[in-house]
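What follows is the residue order along each chain.
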Amino acid sequence: MSAPTRLEPLAERKRLILLQSDLQRAILRAECIQLRDRFSWVQEAGDKWRSASPLIAVATALAGFASLHWGHRWLQWVPAAVATWKWFQKTKQDPRS
């Protein structure tokens, strides 16, 4: 068997591997686009968190501290805190109410 005849199957196999890798790259790009679309809410939540008042960060830290010291008893205050927050946001948006 001559050298060019032995190299033809190898060249064909190399071409097939290159085509498969191109296909896999295209699939990965499509999946990355899907993931970016699916998890776009993470970016939006981060933007809202960064634009929110520093009071939220302080309240979160205090809630963590309270949970360490008082266990789950602080959870009974969560509904009141959420209601207060909603009321505060409503009055911020509409000063007449």
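Predicted model only: the values in this text are computed from it and were never measured. (Residues numbered from 1 in each chain as written. Predicted model: local features only at pLDDT ≥ 70, side-chain atom pairs only at ≥ 80, totals over all residues. Heavy atoms only, no water.)

A. How the structure looks around the overall build of the protein. In terms of helices and strands, the protein carries four helices and zero strands. For the protein, the α and β elements follow one another from N to C terminus as α-α-α-α. Put simply, the protein has 97 residues, and 2% of those count as buried. In the structure as shown, the protein presents an accessible area of about 9100 Å², 66% of it carried by carbon and sulfur atoms. (Helix = DSSP H or I, 4+ residues; strand = E, 2+ residues; numbered from the N terminus. Buried < 20%, exposed > 50% of the residue type's maximum accessible area, 1.4 Å probe, protein only. Areas by Shrake-Rupley, 256 points an atom, 1.4 Å probe, with all protein chains shown as cover.)

B. Quick look at the layout of surface pockets. Within this model, the largest pocket holds a volume of roughly 410 Å³. Elements supplying a minimum of two residues to the lining of the largest pocket: helix H3 (54–70) and helix H4 (78–93). Partitioned by chemical class, the residues of the lining of the largest pocket number eleven nonpolar, one polar and no charged. (1 Å grid on protein atoms, 1.4 Å probe; cavity = no way out; pocket = protein on both sides within 12 Å on 5 of 7 lines; lining within 4 Å. Points joined across faces, edges and corners; volume = space filled by probe spheres on them. Nonpolar A, V, L, I, M, F, W, Y, C, P; charged D, E, K, R; others polar.)

C. Highlighting the pattern of salt bridges. Evaluation of the coordinates by the stated rule reveals two salt bridges. The salt bridge partner of Glu 12 is Arg 15, with a shortest N-O separation of 2.8 Å. Of this pair, Glu 12 and Arg 15 both sit in helix H1 (residues 3–38), three residues apart, roughly one helical turn. The exposure class of Glu 12 is partly exposed, given its relative accessible area of 44%. Taking relative accessible area as the criterion, Arg 15 reaches 45% and is therefore assigned partly exposed. (Salt bridge = Lys/Arg side-chain N within 4 Å of Asp/Glu carboxyl O.)

D. Main features of the confidence of the model for the protein. Mean pLDDT over the protein works out to 80, with 86% of the residues at or above the 70 mark. The spread of mean pLDDT over the elements of the protein runs between H3, the lowest at 74, and H1, the highest at 92. (pLDDT = per-residue confidence, 0-100.)

E. Representation of the environment of Ile 56 in the model. Note that Ile 56 resides in helix H3. Residues Ile 56 and Trp 85, spaced 29 residues apart in sequence, show a C-alpha to C-alpha distance of 9.9 Å.

F. Structural context of the packing of aromatic side chains. By the definition in use, this model includes one aromatic pair. Arranged with centres 6.0 Å apart and planes meeting at 40°, the rings of Trp 85 and Phe 88 form a pair that is tilted. With Trp 85 and Phe 88 both in helix H4 and three residues apart, the pair spans about one turn of that helix. Take Trp 85: its relative accessible area is 33%, and that puts it in the partly exposed class. (Phe/Tyr/Trp six-rings, centres within 6.5 Å; stacked < 30°, edge-to-face > 60°.)

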